[in-house]
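# Coordinate inspection notes
Letter by letter, the chains look like this.
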Amino acid sequence: MPERTRSTPPRTLAEALRIRDDASLTGLLRARPDLLTPVPSDLSQLATRAGTRASVVRALEHLDRFTLQTAEALAVAPDPAPYAALLALMAGDECDSAVAAALPGAVERLREQALIWGADDRLRLVRTARELLAPSPTHPSPTGLGPTVAEATVGMSPGRVQEIVTAVGLAGTHDSVSAVAALTSLFTDRTRMSALLDEAPTESLNVLSRLVWGPPYGEVAADPTRPVRWLRDHGLLLPASARTVVLPREAALHLRSGRAHRNAEPQPPAVAPAREYGPQAVDAAAAGQAFTALSTIEDLFKDWNEGGPAVLRSGGLSVRDLKRTAAALDTTEQLASFWIELAYAAGLLAADGEADERFAATPAYDMWLESPAQHRWAALVTAWLTATRTSGLIGGLDPKGRALSTLGPDLDRAAAPDVRRRILALMATLPEGTAPEPESLLARLRWERPVRGAASGRSAGTAADIPTARHTPHGATAIGDLRSRIAHWTLNETELLGVTGRGALSTAGRALLGDTGPGPGARPVPTAAELAAARARAADAITPLIPEPLDHVLLQADLTAVAPGPLERPLAALLGVAADIESKGGATVYRFTAGSVRRALDAGQTATDLHAFLAAHSRTPVPQPLTYLIDDVARKHGHLRVGAASSYVRCDDDAVLSEILADTRSQSLRLRRLAPTVLASMADPAGLLEGLRSMGFAPAAESAEGDVMITRANAYRTPPRTAPTPVPEGPPVPDDVLLGAALRAIRAGDTAATVVHTPVPEYGDLPRTPSAETLATVQAAAMTGAALWIGYVNADGAASKRVIAPVRVEGGFVTAYDHTADDVRTYPLHRITGVAELTDDPS
């Protein structure tokens, strides 16, 4: 069958899609990827799916404000509507030049996404979109318009209609249909309508002014006031129920000078600059914060070095454990939640999966820790950029009223990656070193993704004895509020991570964003290749700003060590065990204590090792007090031995054991002497170790063989874990290969579904011809290259109709290109029920 020519107006959306070229259909499938799940069999099925409620709602939610306003105007326009009528609704009587210039682009976007179809003289909004956007008693229109005169007078008595026609000075008619048509003609005639309103009392005009921009409904008293009564008698307020009236759409449009929206917004609001800094100052501030972010993540795992808090039965972290972690990190609970969630999103933290489940570092953390600082930072920010888990929600309530906890369920929000990328893209439009005004960023985001129902910017009004509006503006307030909150959190998080400095996007932040322009169509979740490239760009950009790690510290006589900058990994690791961090900042101050030195000895160091290591890495002489401290602790370390009996203590010096027994603080350990050099305890070995240390001793744990047990820091790890997978916002955008294959399959299926064949006797729903005729027809088609329409029954008994182009016939089989499957296949001739030739005559 020949394709429908472009000169023939399409009668359905399927026909409109059928005359599109491949580039246009590819654009539709890319803009609305949900239409490909699964791949439609033909264009009719694609059109049906494009008109389903779920798909249309998703498409409307991704329109910018002006395009959505255009769709809303079409929903209150006649169906079909010429372009001139749509222009009048959008630009008004004065024909706003900015609106007129932007409208063709909005119409093309709606047509590209199959939300409207038809030529410019017959624009049609798809039925589902009209149902969603058109005014109705239960769902007010975002335009604030009410029903038409024809819709509002349905059910009104013919006598009442004739009374209104007479009151406005029109000639009486013989039926209600012509009366309503005459009244509609009056309300749409600007000259006659102006003359009618000139006769209205001033108070009546005041009532109309309160309803004109919506909502158009209002309640009236049983005995309305004179202004309302005049409006009702002249049809300018029509009854919607016993106590409710409505302003008809035609009258409202006249009062609005033809505008469907109070404020059409053809252009997005500009992102306004707030302050300007030197790019070097911005990069320096961002790099400093980036280094702080790395230190905070390391501090988190130092606090959880032997395994983190237990996992709640419902999942997540308890409030008590969060408070303790926040105190250890010296930050607020909300910021502690952010760092914990960031480590989890990066795959550095997970639950261990044991019976008594708890959180701990994953093996990936060790690999991350050994990487250069710039790569560690890049891994964190790319994980943050694509994560759908939203830490800002923690502390709030889920839909069932349960508190949302750190690392718990229900924290994924699919909109988060898109909002983060849009924030960075919009900041990148400003000159380097310029910090944006936050409110202007939010205004731009709201224009790009408006909340449906709030695009018109109308306000509710009341009139005279219309005290309350029957309907209020509706819309997804919670969704809109969430996107705004995510945007606020994003601005704070970019500063915490060093993506921005002093509120302006840093050089590394621009590199992280890459070539993603300021357009709103950026892919929310990048591919693995795109993510790797972004990570490499960000690491390269921040490398010159990350200070080189130092191999030395400054030891002081007050048992402190000052690190004037970041330290190399071996030095930082040993100081982290052998000393306690006293303060942080531009320089980190470590303090040596008896407990910290004992901790180093427990980890396998000896006094000689500590002396040599400190002497090699100190730019100042090792102070004598520190030497004495190490030697004193080492002299006592291991003098007592603790093992499992339940537990025991052994010591070569029985006087020390006698001292322990005589000390009243040892009573809770329930010690008794087994031998002159051995004490037994009912406490477990860990409790016995802790008890003896609290008494001032320095015992060492030993194995069953009598060897000293070495306890290494950061030894507990979960089994290998993968980072949590972001929750996508709908189906992913298909790549070019998938789009090409899907388009070929849809075209082939459509060819098979719409082909016209010559009439043949049929059996059931399949063509039926004798075997000899079937063979002769197939052989002839193979010689001429013609296509055939066949009936086929497979081995399972399933019957189908197919359009094939035979290539070869031999051995009882026909090899042909199957237009239905878009593939070359082989069919047994005995399973072909019959054949029919295709005809070029569509009739």
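Our subject in this report is the structure included herewith. (Residues numbered from 1 in each chain as written. Predicted model: local features only at pLDDT ≥ 70, side-chain atom pairs only at ≥ 80, totals over all residues. Heavy atoms only, no water.)

### Concerning the overall build of the protein
In terms of regular secondary structure, the protein is built from 33 helices and 27 strands. A globule of 843 residues ought to have a C-alpha radius of gyration of about 28 Å, yet the protein, at 39 Å, is considerably larger. Overall, the protein is about 125 × 90 × 55 Å in size when its C-alpha atoms are taken along their principal axes. Put simply, the protein has 843 residues, and 48% of those count as buried. Here the contacts in the protein between residues at least 6 apart in sequence split such that 67% fall between residues at least 24 apart. Counting only carbon and sulfur atoms, one obtains 54% of the accessible surface of the protein, whose full area is about 38700 Å². Charge separation in the protein, taken as the distance between the mean sites of 83 positive and 96 negative side-chain charges, equals 3 Å. (Helix = DSSP H or I, 4+ residues; strand = E, 2+ residues; numbered from the N terminus. Rg over C-alpha atoms; globule rule 2.2 N^0.38 Å. Buried < 20%, exposed > 50% of the residue type's maximum accessible area, 1.4 Å probe, protein only. Contact = heavy atoms within 4.5 Å. Areas by Shrake-Rupley, 256 points an atom, 1.4 Å probe, with all protein chains shown as cover. Lys, Arg positive; Asp, Glu negative; His and termini not counted. Charge placed at Lys NZ, Arg CZ, Asp CG, Glu CD.)

### Overview of the packing of aromatic side chains
Summed over the entire model, instances satisfying the criterion amount to 4 aromatic pairs. Relative to Tyr827, the ring of Tyr792 has its centre 4.9 Å away and its plane inclined at 70 degrees; by these criteria the two rings are edge-to-face. Of this pair, Tyr792 sits in strand E23 (residues 788-793) while Tyr827 sits in strand E26 (residues 823-828), placing them 35 residues apart in sequence. Residue class for Tyr827 comes out buried when judged on its relative accessible area of 3%. Following the ring pairs from residue to residue traces out a cluster consisting of Phe301, Tyr365 and Trp368. Here the guanidinium or amino end of Arg376 rests over the ring plane of Trp368, the centre of that ring lying 5.5 Å away. (Phe/Tyr/Trp six-rings, centres within 6.5 Å; stacked < 30°, edge-to-face > 60°. Lys NZ or Arg CZ within 6 Å of the ring centre and 35° of its normal.)

### Remarks on helix H25 (residues 528-542)
Taking 1.5 Å as the rise per residue, H25 with 15 residues should run 21 Å; its terminal C-alpha atoms sit 21 Å apart, in good agreement. Listed in full, the buried residues belonging to H25 are Ala534, Ala538, Ala539, Ala541 and Ile542. All buried residues of H25 project into a common sector of 165 degrees when viewed along the axis, lining one side. In H25, those exposed residues whose orientation departs by more than 90 degrees from the buried face are Ala528, Ala529 and Asp540. (Expected span 1.5 Å × (residues − 1). Arc of directions from axis to C-beta.)

### Quick notes on the sheet that holds strand E13 (residues 560-563)
Reading across the sheet, the 4 strands line up as E12-E13-E15-E14 and stay open at both edges, with antiparallel pairing between neighbours. Every interior strand has two partners, whereas the edge strands, strand E12 (554-556) and strand E14 (580-583), have only one. Along the sheet, successive strands turn relative to each other by an average axial angle of 30 degrees, direction set aside. Taken together, the 3 bridges between E14 and strand E15 (residues 588-591) define a ladder with antiparallel strand orientation. Bridge pairing in E15 links Ser583 to Val589. (Pairing = 2+ DSSP bridges. Axes fitted to C-alpha atoms, helices over the stretch in contact; angles between N-to-C directions.)

### Considering the packing of helix H16 (residues 279-303) against helix H19 (residues 363-370)
Helix packing for two helices is described by the angle between their axes and how far apart those axes are. Orientation of H16 relative to H19, taken along the N-to-C sense of each, is 140 degrees, at an axis distance of 12 Å. In terms of orientation, H16 and H19 fall into the oblique class. Of the two possible hands of crossing, H16 and H19 adopt the one that is left-handed. Facing H16, whose interface residues are Leu294, Ile297, Glu298 and Phe301, H19 presents Tyr365, Trp368 and Leu369. (Parallel < 35°, antiparallel > 145°, perpendicular 65-115°, else oblique. Left-handed = near helix turned anticlockwise from the far one by under 90°.)

### Examining the nonpolar core
Leu17 and Leu236 are the most contacted members of the largest nonpolar core, which totals 91 residues. Ignoring anything within four residues of it in the chain, the contact list for Leu17 reads Leu25, Leu28, Leu43, Leu46, Ala47 and Ala114. In terms of nonpolar packing, the next biggest core, distinct from the first, is built from 69 residues, Leu369, Ala373, Leu404 and Val419 among them. (Core = buried A, V, L, I, M, F, W, Y, C linked by side-chain atoms within 4.5 Å.)

### Regarding the side chain of Thr128
Within the secondary structure, Thr128 is located in helix H8 (residues 127-133). When residues no more than four places from it in sequence are discounted, the contact partners of Thr128 are Gly51, Thr52, Arg53 and Val56.

### Some words on the pattern of salt bridges
Taken as a whole, this structure holds 37 salt bridges when the rule is applied. Ionic pairing is found between Arg65 and Glu265, a salt bridge with its closest N-O pair at 3.1 Å. Note that Arg65 is positioned in helix H5 (residues 65-75) and Glu265 in the loop between helix H15 (249-255) and strand E6 (273-276), a separation of 200 residues in sequence. What makes Glu265 partly exposed here is its relative accessible area of 25%. Of the charged contacts in the structure, one is a salt bridge between Glu448 and Arg422, with a shortest N-O distance of 2.5 Å. Of the two residues, Glu448 is situated in helix H22 (residues 438-448) and Arg422 in helix H21 (residues 415-428); the sequence distance between them amounts to 26 residues. (Salt bridge = Lys/Arg side-chain N within 4 Å of Asp/Glu carboxyl O.)

### What to know about the environment of Gln267
Among the structural elements, Gln267 can be located in the loop between H15 and E6. Considering only alpha carbons, one finds Gln267 and Ala98, 169 residues apart in sequence, at a separation of 8.1 Å. With residues near it in sequence (within four places) discarded, Gln267 still touches Ala102 and Trp447.

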